[in-house]
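Architecture at a glance
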2 protein chains.
Amino acid sequence: MKRDVVPGPAGLGRLIEALRVLPGVGPRSAQRMAYHLLQHDRAGAEALGSALGEALRTVRHCSLCNSFTDDEVCQLCRSPRRDPTQLCVVETPADLAMVEQTLSYSGLYFVLMGRLSPLDGVGPRDIGLDRLLARAGDGAVQEVILATNFTNEGEATAHYIAEMLRARGIRSSRIARGVPLGGELEYVDAGTISQAIQDRRSL
Amino acid sequence: MKRDVVPGPAGLGRLIEALRVLPGVGPRSAQRMAYHLLQHDRAGAEALGSALGEALRTVRHCSLCNSFTDDEVCQLCRSPRRDPTQLCVVETPADLAMVEQTLSYSGLYFVLMGRLSPLDGVGPRDIGLDRLLARAGDGAVQEVILATNFTNEGEATAHYIAEMLRARGIRSSRIARGVPLGGELEYVDAGTISQAIQDRRSL
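Reading the values: rules and limits
- Residues numbered from 1 in each chain as written.
- Chains lettered and ligands numbered in written order.
- Predicted model: local features only at pLDDT ≥ 70, side-chain atom pairs only at ≥ 80, totals over all residues.
- Heavy atoms only, no water.
- Helix = DSSP H or I, 4+ residues; strand = E, 2+ residues; numbered from the N terminus.
- Rg over C-alpha atoms; globule rule 2.2 N^0.38 Å.
- Core = buried A, V, L, I, M, F, W, Y, C linked by side-chain atoms within 4.5 Å.
- Buried < 20%, exposed > 50% of the residue type's maximum accessible area, 1.4 Å probe, protein only.
- Contact = heavy atoms within 4.5 Å.
- Axes fitted to C-alpha atoms, helices over the stretch in contact; angles between N-to-C directions.
- Parallel < 35°, antiparallel > 145°, perpendicular 65-115°, else oblique.
- Left-handed = near helix turned anticlockwise from the far one by under 90°.
- Nonpolar A, V, L, I, M, F, W, Y, C, P; charged D, E, K, R; others polar.
- Polar contact = N/O pair within 3.5 Å; in protein donor to acceptor, adjacent residues only side chain to side chain.
- Salt bridge = Lys/Arg side-chain N within 4 Å of Asp/Glu carboxyl O.
- Pairing = 2+ DSSP bridges.
- Least-squares fit on C-alpha atoms with pLDDT ≥ 70 in both.
- Phe/Tyr/Trp six-rings, centres within 6.5 Å; stacked < 30°, edge-to-face > 60°.
- Lys NZ or Arg CZ within 6 Å of the ring centre and 35° of its normal.
- Expected span 1.5 Å × (residues − 1).
- Buried area = accessible area lost by both parts, 1.4 Å probe.
- 1 Å grid on protein atoms, 1.4 Å probe; cavity = no way out; pocket = protein on both sides within 12 Å on 5 of 7 lines; lining within 4 Å.
- Points joined across faces, edges and corners; volume = space filled by probe spheres on them.

1. What to know about the overall build of chain A
From N to C terminus, chain A includes eight helices and six strands. Going from N to C terminus, chain A has its helices and strands arranged as α-α-α-β-β-α-β-α-β-α-β-α-β-α. Whereas a compact globule of 203 residues would reach a radius of gyration of roughly 17 Å, chain A reaches 23 Å, over 25% beyond that. Structurally, chain A occupies a C-alpha span of about 80 × 45 × 30 Å along its principal axes.

Pasting the structure below:
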């Protein structure tokens, strides 16, 4: 008895395909997600659909700090309580949120929305470097604090930006490398310890 | 200088929250997904939004096999080329697809869309057991092949269904347990080997 190939409903196939735009979601998890939504959480799927639409309509980049906002200029950049002499450069809005959580920084931000990565074709223009330089040279900013990640690409990005700023006579600094809080030397990698020794502070 | 709390755009927050309906997606990955979509793949986000809507509108359950379909009765159940004397019971449409891929089964299916799981409050009604029994007793079906997973819940589900079928005088069988193809005994768990010995076939 000859078999028929069974393609399944077209709408399901398109949903599985569409879910794969999510980072880290391969064909198997996309299928699992689609089944879950259609079988167990149709209300959630509905909500996700409208949240996507709303976010696409309302979320854009702040014209000053480049982070996500629903205004021309975001709430943080508009705040009169932030110190306009300091500008902290981070890779992503998540990094900005982490710095905010520390409650130890009251200046302004610039969000690169990425990092320099020549191998992935990400150059200075893609991380808004021209806008960062214009912002840093606005007369109010006295120090640019580079808080990109301590990865190879984050380090390279920090050094590149520092060079550009130096050429324009703008002072920049890099957040400290070292052993993390609660870190036990036995469990910290050698590179971190070596940097912590190099960057030691006199007491 | 006092700090302002920065909540970020509302639409972004709602998108992050909405993404958490996806199985396996926690707050961090939801945030990463939302940033990725808004920053790098707005077209993909748009497509995902409409795919969700389309799937919710068009995808439903086949009235015969209970799998996903966009018709009253799915293509497989309608096919004249399938053997109506055999009914294979699987847990999910993904399992159905796996059995189909083997090209070794030409009968019909019933998809439980789950498994018995008293601890999670999933009882016989939730896996459509009444509909399965009606289907199995339609006069055409001569054998019900139980292909639920070899997990505790899958095994329990198979045994429960087999009992129900036996009470109605319907023959059921369970797909074979054993060492998987290409399996090396050294790397297979003891339980599997013990079952493979128990279920040995004479040559």
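2. A closer look at the nonpolar core
Leu-22 of chain A together with Leu-22 of chain B are the most contacted members of the largest nonpolar core, which has 113 residues in total. Beyond its immediate chain neighbours, meaning those up to four positions away, Leu-22 of chain B contacts Leu-19, Leu-22, Met-33, Leu-37 and Leu-48 of chain A.

3. Observations concerning the packing of helix α1 (residues 10-19) of chain A against helix α2 (residues 27-40) of chain A
All names here are of chain A. Where α1 contacts α2, the axes come no closer than 8 Å and their chain directions differ by 125°. One finds that α1 runs oblique with respect to α2. In this structure, α1 meets α2 at a crossing whose hand is right-handed. Counted together, Leu-12, Leu-15, Ile-16 and Leu-19 of α1 and Pro-27, Ala-30, Gln-31, Met-33, Ala-34, Tyr-35 and Leu-38 of α2 form the full contact between these two elements. Residues of the contact of α1 with α2, tallied by class, amount to 10 nonpolar, one polar and no charged.

4. Some points on the side chain of Asn-66 of chain A
All names here are of chain A. Note on placement: Asn-66 falls in the loop between β1 (60-61) and β2 (68-69). Residue Asn-66 is classed as buried on the basis of its relative accessible area of 7%. Within polar-contact distance, the side chain of Asn-66 engages the side chain of Arg-131 at 3.0 Å.

5. Looking at the pattern of salt bridges
Throughout the structure, instances matching the rule amount to 16 salt bridges over all chains. For Arg-78 of chain A, the salt bridge is made with Asp-71 of chain A, and the minimal N-O distance between the two is 3.3 Å. With a relative accessible area of 47%, Arg-78 of chain A lands in the partly exposed category. Put simply, Arg-60 of chain B and Glu-72 of chain B hold a salt bridge, and the shortest N to O gap is 3.4 Å.

6. Some remarks on the sheet that holds strand β5 (residues 143-146) of chain B
Residue and element names in this part refer to chain B. Taken together, the four strands give an open sheet; going across it, the order is β4-β3-β5-β6, and neighbouring strands pair in parallel fashion. A single partner strand is all that each edge strand has here, and the edge strands are β4 (107-111) and β6 (172-174). Averaged over all adjacent pairs, the angle separating strand axes in this sheet is 25°, with direction ignored. Relative to β5, strand β3 (residues 83-90) is paired through four bridges, and the arrangement is parallel. When the bridges of β5 are listed, Val-89 appears paired with Leu-146. Contacts from helix α7 (residues 152-167) reach β3, β5 and β6 within the one sheet, and its direction differs from that of β6 by about 165°.

7. Digging into the relation of the copies chain B and chain A
Of the two same-sequence chains, chain B is brought onto chain A (RMSD 0.1 Å, axial shift 0.0 Å) by a rotation of 180°. Classification of the inter-copy transformation places it as that of a two-fold axis. For chain B, the smallest separation between a C-alpha atom and the rotation axis is recorded for Gly-49 of chain B, amounting to 2.3 Å. Of the interface residues in chain B, 98% have counterparts in chain A that sit at the interface too, so the contact is made through matching surfaces.

8. What about the packing of aromatic side chains?
Residue and element names in this part refer to chain A. Going through the model one piece at a time under the given rule, you end up with four aromatic pairs over all chains. Centroid distance Tyr-105 to Tyr-109: 5.2 Å. Interplanar angle 65°. Geometry classified as edge-to-face. For the pair Tyr-105 and Tyr-109, one class covers both residues: buried. Here the guanidinium or amino end of Arg-174 rests over the ring plane of Phe-150, the centre of that ring lying 4.1 Å away.

9. Examining helix α3 (residues 42-58) of chain A
A turn of α-helix holds 3.6 residues, and therefore any two residues three or four places apart point the same way. With 17 residues, α3 of chain A should reach 24 Å at 1.5 Å per residue; the first-to-last C-alpha distance of 24 Å fits that figure. By the burial criterion, the buried members of α3 of chain A are Gly-44, Ala-45, Leu-48, Gly-49, Ala-51, Leu-52, Glu-54, Ala-55 and Leu-56 of chain A. The inward-facing, buried residues of α3 of chain A contact α2 of chain A together with α1 (10-19), α2 (27-40) and α3 (42-58) of chain B.

10. Side note on the interface of chain B and chain A
Accessible area lost on assembly of the parts is the figure often given for the size of an interface. Listed per partner, the contact involves 61 residues of chain B and 60 residues of chain A. Buried surface at the junction of chain B and chain A, summed over both partners, amounts to about 5,700 Å²; 66% is from carbon and sulfur atoms. Run the count over chain B and chain A and you get two salt bridges. For the salt bridge of Glu-54 of chain B with Arg-14 of chain A, the shortest nitrogen-to-oxygen distance reads 2.5 Å. Viewed at the interface, chain A and chain B are joined by eight residue pairs in polar contact (both at pLDDT 80 or more). Sorting the residues of the side of chain B that touches chain A by element identifies α1, α2, α3, β2 (68-69), α4 (75-78) and α5 (93-101) of chain B as the ones contributing at least two each.

11. A closer look at the layout of surface pockets
Of the volumes computed, that of the second largest pocket is approximately 670 Å³. Thr-92 and Ala-94 of chain A together with Gln-31, Arg-32 and Tyr-35 of chain B are, among the 24 residues lining the second largest pocket, the residues nearest its centre. Broken down by element, the lining of the second largest pocket gets its largest block of residues, eight residues, from α2 of chain B. Each residue belonging to the lining of the second largest pocket can be placed in one class, and the counts come to 11 nonpolar, seven polar and six charged.

The values reported here are purely geometric and, on their own, carry no functional implication.
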